[in-house]
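A structural walkthrough
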Amino acid sequence: MIENHLSLLLVALPLLAAPIVAVLPNGRLPWALSTLVSWSVCYLAAWQLINVSSGQVISYELGGWAPPWGIEYRIDAANALVALIVSGIAALTLPYALKSVIKEIPHQQHALFYAAFMLCLTGLLGIAQTGDIFNLFVFLEISSLSSYALISLGKQRQALTAAYQYLIMGTIGATFFIIGVGLLYAMTGTLNMADLAQRLPELYEHRTIHTAFAFIMVGFALKLALFPLHLWLPNAYTYAPTVVTIFLAATATKVAVYVMLRMVFTVFGFSFIENTPTDELFLLLCVTAILSMSFYAIYQKDSKRLLAYSSVAQIAYMMLGIGLGSVLGVTATLVHLFNHALMKGALFMAIGALIYRVGSSRLEHFSGLGKQMPWTFAAIVIGGLSLIGVPGTAGFISKWYLVLAAIEQQHWLIVGVILMGSLLAVAYVWKIIEVLYFNATDEREQQNTAVKEAPLMMLIPMWVLVLANIYFGFNTELTVGTAEQAVKLLMPGAN
Amino acid sequence: MIWASSLPPFIPFFIAALLVLVTRGHLRSVILLATPVLGGLHLWLDVQPFVPMVASDALITAKELSYTLNMFSYQLEFMRVDKLSLLFGYLFHIASFIAIIYALHVRDTTQQVVSLLYAGSALGAVFAGDLISLFIFWEGLALSSVFLIWARRSEQAIKTGTRYLIFQVMSGVLLLAGALMYFNQTGSTDFNFIGIESTAGWLILIAFGIKSAFPFLHTWLTEGYPEATPTGTVFLSAFTTKVAVYALARGYPGTDLLVYVGAAMTCFPIFYAVIENDLRRVLAYSMINQVGFMVCGIGIGTALALNGAVAHAFNDVIFKGLLFMSMGAVLHRVGNINGSDLGGLYKSMPKTAMLCIVGAASISAFPLFSGFVSKSMVMSAMLLEGHNYLWLMLLFASAGVFHHAGIKIPYFAFFHHDSGIRVKEAPTNMLIAMSIAAVLCIFIGTQPQYLYALLPWKVDYWPYDMTHVLAQLQILFFSALAFVWLNKQGLYPPELRSVNIDFEWTYRKLLPATARASYTVLQRFNCAVANAAQQSWQGFQSVFQASRLSQYHLASSWPTGSMVLWIGVILGGYLLADIYFK
């Protein structure tokens, strides 16, 4: 019974939980319920992934209406992997959230915070699950609106401005997307992705389709913060409450990348893309992004902002895989999707633990903390190594596939840029480590000598992710295996 | 012990590093000491190469024992055993054992943990059967060793360490790039003969070259080693360059280029070493010189030469370790290692002085000391192959070694004019470590057949014949004469309290200066552009403000306005490109 409705439950559970959480009394109850829900959702997502891992496709008809008229949830390896990332990160972030939220968010808003968190989870999972392009827009709005609210809860006043800017940008993105969807609907009369994929090839030459594609691409490039449309991201990540930053950094942009994959490969098909300037544009923007954003990251004085810029650069790595458009490239994109969630999750959690103890995210306030908080420090080192792509960590695997994909097409410049990006990553990870470990003479350190290690409730989720970074650096059955399955379905023509 | 025979030797070291992290006091010391002993015994008793190699089928590896791990779609081979890797395996166990005893008094968790990781990575690298696992340990060497420099915790050490790390990481990146290309061309990542016929081969050669301190790529060594902690340098001197020598011997035997590179390496450091004041830096230069002999041997590529190269690597680790240890003991007691400030220490540190002389005799290749039995192999091989002029260069280098390492080090530290420094003798653990190394030096020097039995290629060679001994003694005595005469005449470069900068000048002085200059130019240019832009913007604004458009606040908030602009640019640009260019 559960198995039949697995795909729906995944979205419905957090959606139903949200209003209940909202009316619960402030205290630990809202947290406990949300945590419970996130764990069950994670369990369901893992179950779902096992079901599709050998290449099957689950088609679920919402309300019993047959597609293409009714809404269809169409689950293959790609969706299931993304759903697992989203729910897994949520299941780890929520236990971590308890202490951090008490410290950063006023008591009377706790229930609302967790309700918004549940809504955001609903939206992100919904985007991952649905096979209907308009339904996708609805979930996109659910996740966006709730994340605007979540970001605005940040302690500093700039959080409001950041949330407001994100709101404007996000709305423009969503509007562009819906314009594109409208044009597609006008041309084909369907909103079902699989159906669209069948009807589009005969309309490839039509200018309206090209325009629709352009609107959808630009809309989602905004949502996934593709350079130069990333300007909302650094502020939003910096000023949002720590927990929100962890969750959004590890999931929101990943889901947007997934939608991009879905649009490019499933709905429009790569043979369409090859006749547009999209792939060249992606490669150009990504190469610029990797270099410039990594460079920007080096010069940041705020730890969260530093990681935010690094995220923009890392997203560019994922888009690079799409731009290359080969089996290897898309595999690299999906693998990096997963691995980047692990490393950024671990890093933001570790930074969050520092913020929890020191009360500031500015790098200069962290000096000498490495000795006081050795476990957190070790987490940053390992997370950082993974970000750089040192072998033995998950980051290496994604870089490896990406470099292979670039070599395969003889894009030597891109190979150089990827390696250069790794060197720049050494520099910005080094900045954090240097402050934590070496700045011993600073007077701030005297203030920091009383700081204790982060609470266990934060260390455990953080270290689960850190160990996952190492585990997935060796065992790639889940990541690469699933990605290869997904690519087979995304690019049926190739290989 | 069947199961254990395939256990890769790096694993005990990595486990021990973890154990050291959680233990304290005597238990920690026991773990530290037990690791190389047990690991070494395991390697000696349980692990045998499949077949003894003969010169003809050089380096066809026997894969009877292999320990593999599947890492994504590749099989990593962590345990490829043949006589070449086994020789280095023994060597690294001995070296780490000596260095650990030497560092036993240190109470610094970071140093103890990373030195085990470092030794483990070196072992992992020499037993790695494919380029990917080689790369993993290659990076492991870099990341662990840099902490031995940083552990000194001075401003200078942190800066030097960072520069050191950049070099090492660059080597790793080149190796990875080379390995990827190699894989792309050949479809295999097995680490055997590579050669320089392809771009991949060149990239990997440069990666190896950085680690083995080829000329112009050597500065990390001469800068980094003298900055490390007294005990850290002993570890550093044992592993990084020797792993590189191993890798060259495996991947590039018989590459002619290496003969010339090696000959250059033996000669150029001598000039720097003679004028250098920091005695550990003198040793760092002499290290390049010794590695030069090995690189020469690899370049010649005959069985005799290759045997000589690896045998010399074996001996070099021990006698260079001994010298670094004696200088480290001086640094530990005196707190300073400048030739200009020392002298007369033989009165207070007689044992250290004596052990240092053994090391000095070995590095200068005195007959009956270990350097002689291996260096003479390389020299003989060179003559046999007809490289007469290069042979002369090596002769000159041999004399130079004796000059700066054989005489200068002990003379300026322990004899020379009395500096009045009175300190205690080196700590017992240091003395024990140095004694072990000294005994090994003399043992190998007098009983070379045991070392020869371990060598990978089958060769009949005996160093103690008339010509060798006489030639070597002549060089040594005339070199000593030159030193004495120059000193008496006051012509010998005096020890000055100065820092010599060699090729690192390019990036410590030239690059920053160029960057500053270009920055100024850029800034001027920027200013000009900005001024022009500002003026036109002001002009535009005055027009704009007069117009009705200014009533609408189009672009009041920076990111929002700028982003909307970008959206417009991208959408518009995309559509135009789509319609007109495709």
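Residues numbered from 1 in each chain as written. Chains lettered and ligands numbered in written order. Predicted model: local features only at pLDDT ≥ 70, side-chain atom pairs only at ≥ 80, totals over all residues.

Considering the overall build of chain A
Within chain A, the regular secondary structure consists of 21 helices and 2 strands. Taking 2.2 N^0.38 as the reference for a compact globule, 495 residues should give roughly 23 Å; the C-alpha atoms of chain A span a radius of gyration of 21 Å, in line with that estimate. In chain A, which comprises 495 residues, the proportion classed as buried is 63%. Restricting the contact set of chain A to residue pairs at least 6 apart, pairs at least 24 apart contribute 80%. (Helix = DSSP H or I, 4+ residues; strand = E, 2+ residues; numbered from the N terminus. Rg over C-alpha atoms; globule rule 2.2 N^0.38 Å. Buried ≥ 20, exposed ≤ 12 C-beta atoms within 10 Å, placed from the backbone. Contact = placed C-beta atoms within 7 Å.)

Quick look at the overall build of chain B
In terms of helices and strands, chain B carries 21 helices and 2 strands. Residue burial in chain B is summarised as follows: out of 582 residues, 53% are buried. The contacts of chain B with a sequence gap of at least 6 include a subset with a gap of at least 24, amounting to 81%.

Regarding the environment of Gly178 of chain B
All names here are of chain B. Here Gly178 is to be found in helix α7 (residues 155–186). Placed 196 residues apart in sequence, Gly178 and Ser374 show a C-alpha to C-alpha distance of 32 Å. Sequence-distant contacts of Gly178, defined by excluding residues within four places in its chain, comprise Ala200, Leu203, Ile204 and Ala207.

A word on the interface of chain A and chain B
Each partner contributes to the interface: chain A provides 31 residues, whereas chain B provides 26 residues. Taken together, the elements giving at least two residues each to the side of chain A that touches chain B come down to α6 (158–188), α8 (207–223), α9 (232–239), α17 (394–408) and α18 (412–437) of chain A. Top element by residues in the side of chain A that touches chain B is α8 of chain A. It accounts for 5 residues. Broken down by class, the residue content of the side of chain A that touches chain B amounts to 23 nonpolar, 8 polar and no charged. (Nonpolar A, V, L, I, M, F, W, Y, C, P; charged D, E, K, R; others polar.)

What about the packing of α17 of chain A against α18 of chain A?
Residues and elements named next belong to chain A. Taken N-terminus to C-terminus, the directions of α17 and α18 make an angle of 160°; their axes are 8 Å apart at the nearest point. In terms of orientation, α17 and α18 fall into the roughly antiparallel class. For the pair α17 and α18, the contacting residues are Lys399, Leu402, Val403, Ala406 and Ile407 in the first and Ile414, Val415, Ile418 and Ser422 in the second. Partitioning the contact of α17 with α18 into residue classes produces 7 nonpolar, 1 polar and 1 charged. (Axes fitted to C-alpha atoms, helices over the stretch in contact; angles between N-to-C directions. Parallel < 35°, antiparallel > 145°, perpendicular 65-115°, else oblique.)

A look at helix α16 (residues 374–388) of chain A
Residue and element names in this part refer to chain A. Under the 1.5 Å per step criterion, the end-to-end length of α16 is 21 Å for 15 residues, consistent within 8% with the ideal 21 Å. For α16, the complete set of buried residues consists of Thr376, Phe377, Ala379, Ile380, Ile382, Gly383, Gly384, Leu385, Ser386, Leu387 and Ile388. The elements touched by buried residues of α16 are α13 (303–324), α14 (327–358), α15 (369–372), α17, α18 and α20 (456–474). Taken from the residues just after α16, Gly389 is the one with a positive phi, measuring 100°. (Expected span 1.5 Å × (residues − 1).)

Observations concerning helix α1 (residues 6–23) of chain A
Residues and elements named next belong to chain A. Compared with an ideal rise of 1.5 Å per residue, which puts 18 residues at 26 Å, α1 spans 27 Å between its outermost C-alpha atoms and is within 8% of the ideal. The largest bend along α1 reaches roughly 30° and is located at Ala12, with the proline Pro14 sitting one to four residues downstream. Here α1 has its buried residues at Ser7, Leu10, Val11, Leu13, Pro14, Ala17, Ala18 and Val21. Residues of α1 that are buried make contact with α2 (29–52), β1 (58–61), β2 (72–75), α3 (77–104) and α4 (110–129). (Bend = angle between axes of the 7 residues up to and from the residue.)

Points about the packing of helix α15 (residues 370–384) of chain B against helix α17 (residues 428–446) of chain B
Residue and element names in this part refer to chain B. Orientation of α15 relative to α17, taken along the N-to-C sense of each, is 50°, at an axis distance of 6 Å. With respect to each other, α15 and α17 are oriented oblique. Packed against α15, whose contacting residues are Ser370, Phe372 and Val373, the element α17 presents Cys441, Ile444 and Gly445 at the interface. Within the contact of α15 with α17, the residues separate by chemical class into 4 nonpolar, 2 polar and no charged.

What about the pairing of β2 of chain A?
All names here are of chain A. Burial along β2 is two-sided: Glu72 and Arg74 facing one way and Tyr73 and Ile75 facing the other are all buried. As defined by bridge partners, β1 adjoins β2 across 4 bridges and the pair is classed as antiparallel. Across the sheet, the residue bridging to Glu61 is Glu72, located in β2. (Pairing = 2+ DSSP bridges.)

Brief notes about the confidence of the model for chain B
Note: predicted coordinates in regions of low pLDDT should not be interpreted at a detailed level. Residue and element names in this part refer to chain B. The share of residues in chain B with pLDDT of 70 or more is 85%, and the mean pLDDT across the chain is 82. When the elements of chain B are averaged for pLDDT, helix α1 (residues 2–5) gives the smallest value, 48, and α17 the largest, 93. The low-confidence segment residues 51–66, where pLDDT is below 50, has 35 contacts with residues more than four positions distant or belonging to other chains. Of the regions scoring below 50 in pLDDT, residues 549–557 engages in 5 contacts with residues more than four places distant in sequence or in other chains. (pLDDT = per-residue confidence, 0-100.)

Describing the environment of Leu200 of chain A
Residue and element names in this part refer to chain A. Here Leu200 is to be found in the loop between α7 (193–199) and α8. The spacing of Leu200 and Ala468 is 268 residues in sequence and 41 Å in space, taken between C-alpha atoms. Among all residues touching Leu200, those that are not within four sequence positions of it are Thr188, Ile209 and Phe268.

A closer look at the nonpolar core
In terms of nonpolar packing, the biggest core is built from 396 residues, with Ile151 and Ala316 of chain A together with Leu322 and Leu323 of chain B touching the most fellow members. When residues of this core are sorted by domain, at least three fall in each of domain 1 (253–496) and domain 3 (552–582) of chain B. Not counting the four nearest positions on each side in its chain, Leu322 of chain B is found in contact with Leu355, Val358, Gly359, Met434, Ala437, Ala438 and Cys441 of chain B. (Core = buried A, V, L, I, M, F, W, Y, C linked by C-beta atoms within 7 Å. Domains from an automatic or database assignment.)

Comments concerning unusual backbone geometry
Residue Pro228 of chain A is bonded to the preceding Phe227 of chain A through a cis peptide linkage, with omega at 0°. Secondary-structure assignment places Pro228 of chain A in the loop between α8 and α9. Within the chain, Gln410 of chain A stands out as a residue other than glycine whose phi angle is a positive 60°. With respect to the secondary-structure elements, Gln410 of chain A resides in the loop between α17 and α18. The exposure class assigned to Gln410 of chain A is exposed, which follows from the 10 C-beta atoms found within 10 Å. A positive phi angle is found at Phe216 of chain B, which is not glycine, with a value near 75°.

Some words on the confidence of the model for chain A
Per-residue pLDDT for chain A has a mean of 87; in total, 97% of the residues score no lower than 70. Predicted confidence in chain A is weakest over helix α19 (residues 443–448) of chain A, with a mean pLDDT of 60, and strongest over helix α5 (residues 133–152) of chain A, with 93.

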